[in-house]
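# Architecture and fold: a report
Spelled out, the chains give:
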Amino acid sequence: MEQHYNGEAPLIQLVSFNKLLQQYDAMLESDNELLRQRAKYILEVQAPYPELREGFDDLSIVEKRKDVIHTILMDTFSEVLTHNEIKAASIPFANLVFNSSERFKKILKDAGEDFELEIRNMPENLQYILQCTVILNFYYGFKMDFKRPLFYDIPDANGVMRHYRILYNADFMEINPTEKAKELAQADIDELLENFDDLELWKEKIPPNSFVSKGFAISNMFDVTAEHSISEIKSTLIGGNKRTNDSFMDSFQETFRSLFGLNTINVGFAGYDPATDRFLKIHGKGIESYILYGKEMESCDRMLCDYSYSKLLNESDFVAISNVEKYLEKSGGGQPYKSLHGQGVKSAILAPIADDGNLLGVLELVSDKVNELNSVNATKLVDVMPFIVSAVLRSIEEEQNLIDAIIQHECTTVHSSVYWKFQEEAKRFMAEELQGKQPSFQEIVFKEVYPLYGQIDIKESSKERNQAIQRDLIIQLSEIQDILQQALDTLKLPIYEELMFRVNSHLEEVTEILYTNTEQAIFDFVHEEINPAFHHLKREDAAIKALIETYESRIDATTESYYDHRRNYDESVQEINMQLAALLDQRQQEAQEMFPHYFERYKTDGVEHNLYIGSSIANNRTFDELYLNNLRLWQLQVMVEMENRHYVLKPKLPVPLDVASLMLVYSTPLAIRFRMDEKRFDVDGTYNARYEIIKKRIDKSLIKGTRKRLTQKGKLAIVYSQKKDEREYLRYVHFLKHKGYFTNNIEIVELEGLQGVTGLKAIRAEILYKTDEASEKTYTYADLMEALKA
């Protein structure tokens, strides 16, 4: 006997055999002598124990009177079928089980002594409400569909979880009210139907212990493990992002173990790329591929024998390998047997995941036991493969969408603030396409927007880059010269002297000045003349060979030349760009919350950015020039913060590069258009093109009447053309000076005319620096350099 539930309930549940015994009472009047004798025998056996009719809640009586109960239930529990049927007498919702069939007893015995029989997903509050629905149906006569599938989950002797569907026969139950029962009107029923999960309301309408149930139910159970496993596989595969779930593969493997009834099999996957005919590793938590054996990818003909290749790729049929070692020997160490054997696999099934004959991937089932997986049990996969194919097709589509999203994010400039406009156009495009038209994607234009531009440029980047190239070339040519000198001294061949002469000529040229074609000319000379000579010398002399190998060890594999000083320069530029762009992106998220606006940035030798703000971008937000003023002040602050970030970073760089900052103020609203060919926004119209011309040329502008550049390290330059812009930005600069962003060194300068542009002026404000974000102490540029050197 198994019994577990003792929670609060509306039913006082008494075990009784009265309704069954009443049938035997009626059988005493039968014309069939055999039936009369059998009924008489059963009733005589029961007669000394009236509690079996009247009902009892002392469950020890079930054990005490088990022989009598077994006799009473003899007709309902056939001895002929006891080893076949999974059956027991029970009290519904209470997990009380008695008079079990021999097969059910064996199932419970195999589950182990510690196993507790429980109905799946039957919490106590739900048990109360389900008992109430029974009362509403059978006593109050309010018909409602409360039925739901009920299951027992019971492990077998091998630890494999098996699943049993429970079907109750409640013909021998009767329900009667106690004094606590209430009269219920339709309004009460309506309220209960609207509040299924309100336990307190159900207790109010149908109080605990307000009804007595007398009788027993017959539980007929059916092994539905295969169907359940298929359903679980389907459920597991539904929905996205399963591969990132820590428990995905664990639960997936457990389901396959239940389906096959094998507790030690493992599941793997391999993807397939039809363009290259290669198997690919599927990336996800816990996902392995047994045919790839740790490789990221490999061609199919190298990982499969001709037979398995034909079955999987040509016939879309599974490959069952019942004895891996046997086939390894027969194939002379061929694949996939070699890879499987190397992982301790003794039997395996490789099933193609194919759609319309097109292979998408391979499902791999493996076991460490010979014959455990074979061509017979491989047929179990027939029912589950359609779900796996559907999931893989959906996964491929999701992955492609993700790839497209990454490409859009990393390689194009469709900013979130304007994405709504692209969505509207895409919906229009789709609607016209569905109507049978031939739509074209119309250009996206935003009119009457105000531009803001800023840049932090690496000072003298071309000079620093050329110096790095010069130094690398000088070192490389000097080492070549030393090796050739050793070759001439050892082998006495004049050709090495001639090569030395040409190396020396290149050395003199690169030391004096670096022309645009010098680097390529030296690269070609080394590859066409020096490398073949060195290849020959390595075979001629051991000492020279050692020198050449030392030289070659210093050659960068990517550039195929010396890449020491250039690497330091490139890494310094990359680090500056990364740090400044990260700060700008982070602060941009805050700015978008103030008012939506278009933002884009570029990393070159420094970081530049464009901002556009206006009502046409803001969609359903009302634009006011207050938001423009706010964004201008925000930009000014962030430019100074980026300067601070650089000067904290500078001492840590391989090459301590300087930067200079510049902003352009442009008060005339303009239109921007998305250029489909360039996948970016640009100003629209000839008149608006003046803004782009100014942007491209101002960083080279000079202060009028001098040869001095406008941009200087340690100072922020704000370029403008209108007096009202000057007044506005002077207000901002004085405000930020008060907050410790600038010194008193603030000047207004006039700029030399640029090609096609005149009348520009600039505010230059000296920046105060902090050595770290927590520090309140500020520095000028000169002070900061001294502090950082200390």
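In case you missed it, the structure is sitting above this.
A short tour of the structure in this document, coming up. Source: prediction; values computed, not measured.

## Things to note about the overall build of the chain
Each helix and strand counted, the chain has 26 helices and 23 strands in total. Each of the 790 residues in the chain was classed as buried or not, and the buried ones make up 47%. A sequence separation of at least 24 residues applies to 67% of the contacts in the chain between residues at least 6 apart. Of the accessible surface of the chain, which amounts to about 40500 Å², a share of 49% is contributed by carbon and sulfur atoms.

## Let's talk about the sheet that holds strand 14 (residues 358–367)
Reading across from one edge, 11-10-9-14-13-12 is the order of the six strands in this open sheet, with antiparallel pairing throughout. Edge positions in the open sheet fall to strand 11 (297–299) and strand 12 (319–321), since each of these has one partner strand only. Here the strands of the sheet are splayed against their neighbours by 25° on average, with no regard to which way each runs.

## Topic: the environment of Leu199
Looking at the secondary structure, you find Leu199 in helix 9 (residues 199–205). In this structure Leu199 comes out as buried when scored by relative accessible area, which is 18%. Placed 73 residues apart in sequence, Leu199 and Leu126 show a C-alpha to C-alpha distance of 8.3 Å.

## Examining the packing of helix 18 (residues 461–491) against helix 22 (residues 565–594)
Orientation of helix 18 relative to helix 22, taken along the N-to-C sense of each, is 155°, at an axis distance of 7 Å. Our classification of the angle between helix 18 and helix 22 gives roughly antiparallel. Across the interface between the two elements, Ser461, Glu464, Arg465, Ala468, Ile469, Arg471, Asp472 and Ile475 from helix 18 touch His565, Arg566 and Tyr569 from helix 22.

## A few points about the packing of aromatic side chains
Geometrically, a pair of aromatic rings is defined through the distance of the ring centres and the angle of the planes. Overall, the coordinates contain 18 aromatic pairs when judged by the stated rule. Taken together, a centroid distance of 5.1 Å and an interplanar angle of 45° make the contact between Phe17 and Phe216 tilted. With a gap of 199 residues between them, Phe17 in the loop between strand 1 (11–15) and helix 1 (18–27) and Phe216 in the loop between strand 7 (211–215) and strand 8 (217–223) connect regions that are remote in the sequence. Given a relative accessible area of 1%, Phe17 falls into the buried group. Ring-pair connections join several aromatic residues into one group, and the members of that group are Phe17, Phe98, Phe172 and Phe216. The aromatic ring of Tyr128 is capped on one face by Lys203, whose charged end is 5.6 Å from the ring centroid.

## Digging into the pattern of salt bridges
Taken as a whole, this structure holds 40 salt bridges when the rule is applied. Residue Asp223 is joined to Arg162 by a salt bridge in which the shortest nitrogen-to-oxygen separation is 3.1 Å. Of this pair, Asp223 sits in strand 8 while Arg162 sits in strand 5 (residues 161–169), and the two are 61 residues apart along the sequence. Across the pair Asp556 and Arg567 runs a salt bridge whose closest N-O atoms are separated by 3.3 Å.

## With respect to unusual backbone geometry
Excluding glycine, residues mostly carry a negative phi; peptide bonds, for their part, are mostly trans. Cis peptide bonds are those with omega within 30 degrees of zero, and the linkage from Gln335 to Pro336 qualifies with 5°. Considering the arrangement of structural elements, one finds Pro336 in the loop between helix 14 (324–330) and helix 15 (337–342). The backbone of Glu460 shows a phi angle near 50°, a positive value even though the residue is not glycine. Tracing the sequence through the fold places Glu460 in the loop between strand 15 (445–458) and helix 18.

## Overview of the sheet that holds strand 1
Spatially, three strands are ordered 1-7-6 in an open sheet, and the strand pairing comes out mixed. One side of each edge strand has no neighbouring strand; the edge strands of this open sheet are strand 1 and strand 6 (173–177). Averaged over all neighbouring strand pairs, the angle between strand axes comes to 20°, with direction disregarded. Sheet topology note: the strand 6/strand 7 ladder contains five bridges and is antiparallel. Paired with Met173 across the bridge in strand 7 is Gly215.

## Considerations on a negative patch on the surface
Negative charge collects at one region of the surface, where Glu113, Asp114, Glu116 and Glu118 lie side by side. Of note, Glu113 is situated in the loop between helix 6 (102–111) and helix 7 (124–138). Take Glu113: its relative accessible area is 83%, and that puts it in the exposed class.

## Things to note about the nonpolar core
One finds Leu636, Leu716 and Phe742 to be the most contacted residues of the largest nonpolar core, which totals 51 residues. Among the elements of the structure, strand 15, helix 22, strand 17 (606–613), helix 23 (625–649), strand 18 (659–665), strand 21 (715–720), helix 25 (723–738) and strand 23 (761–767) are those that each provide at least two residues to this core. Looking at which element gives the most residues to this core, the answer is helix 23, with eleven residues. When sequence neighbours within four positions are dropped, the list of residues in contact with Leu716 reads Leu636, Met639, Val640, Ser661, Leu662, Met663, Phe742, Ile763, Arg764, Ala765 and Ile767. Judged by nonpolar contacts, the second largest core, of 31 residues, contains Tyr453, Tyr666, Leu751 and Val757.

## Description of the side chain of Thr76
Here Thr76 shows up in the loop between helix 5 (66–72) and strand 2 (86–91). The class for Thr76 is buried, based on a relative accessible area of 17%. Within the structure, the side chain of Thr76 is placed 2.9 Å from the backbone oxygen of Leu73, a separation counted as a polar contact. Residue contacts for Thr76: discarding those within four places in its chain leaves Leu20, Lys87 and Ile218.

## Some points on helix 21 (residues 542–553)
With twelve residues, helix 21 ought to run about 16 Å at 1.5 Å a step, and its terminal C-alpha atoms sit 16 Å apart, in line with that. Among all positions of helix 21, only Ile544, Ile548 and Tyr551 are buried. Down the axis of helix 21, the buried side of the element spans an arc of 55°, and every buried residue falls inside it. Among the exposed residues of helix 21, those oriented more than 90 degrees off its buried face are Ala542 and Ser553. Residues of helix 21 that are buried in the fold lie against helix 18 and helix 20 (518–540). You can read the cap of helix 21 off the contacts: a side-chain oxygen lies 3.0 Å from the backbone nitrogen of Ala543, and it is on Asp541.

## A word on the pairing of strand 18
Burial runs high along strand 18: seven of the seven residues are buried. Alternating residues of strand 18 divide into Val659, Ser661, Met663 and Val665 and Ala660, Leu662 and Leu664, and every residue in both groups is buried. Inspection of the sheet shows strand 15 paired to strand 18 by seven bridges, in the antiparallel sense. Looking across to strand 18, one finds that Tyr453 is bridged to Leu664. As judged from the four bridges shared by strand 18 and strand 21, these two strands associate in the parallel manner. Each bridged residue has a counterpart across the sheet, and for Leu662 the counterpart in strand 21 is Ala717.

How each quantity is defined
Residues numbered from 1 in each chain as written. Predicted model: local features only at pLDDT ≥ 70, side-chain atom pairs only at ≥ 80, totals over all residues. Heavy atoms only, no water. Helix = DSSP H or I, 4+ residues; strand = E, 2+ residues; numbered from the N terminus. Buried < 20%, exposed > 50% of the residue type's maximum accessible area, 1.4 Å probe, protein only. Contact = heavy atoms within 4.5 Å. Areas by Shrake-Rupley, 256 points an atom, 1.4 Å probe, with all protein chains shown as cover. Pairing = 2+ DSSP bridges. Axes fitted to C-alpha atoms, helices over the stretch in contact; angles between N-to-C directions. Parallel < 35°, antiparallel > 145°, perpendicular 65-115°, else oblique. Phe/Tyr/Trp six-rings, centres within 6.5 Å; stacked < 30°, edge-to-face > 60°. Lys NZ or Arg CZ within 6 Å of the ring centre and 35° of its normal. Salt bridge = Lys/Arg side-chain N within 4 Å of Asp/Glu carboxyl O. Patch = residues over 30% accessible without salt bridge, like charges linked within 9 Å, V, L, I, M, F, W, Y side chains within 5 Å. Lys, Arg positive; Asp, Glu negative; His and termini not counted. Charge placed at Lys NZ, Arg CZ, Asp CG, Glu CD. Core = buried A, V, L, I, M, F, W, Y, C linked by side-chain atoms within 4.5 Å. Polar contact = N/O pair within 3.5 Å; in protein donor to acceptor, adjacent residues only side chain to side chain. Expected span 1.5 Å × (residues − 1). Arc of directions from axis to C-beta.

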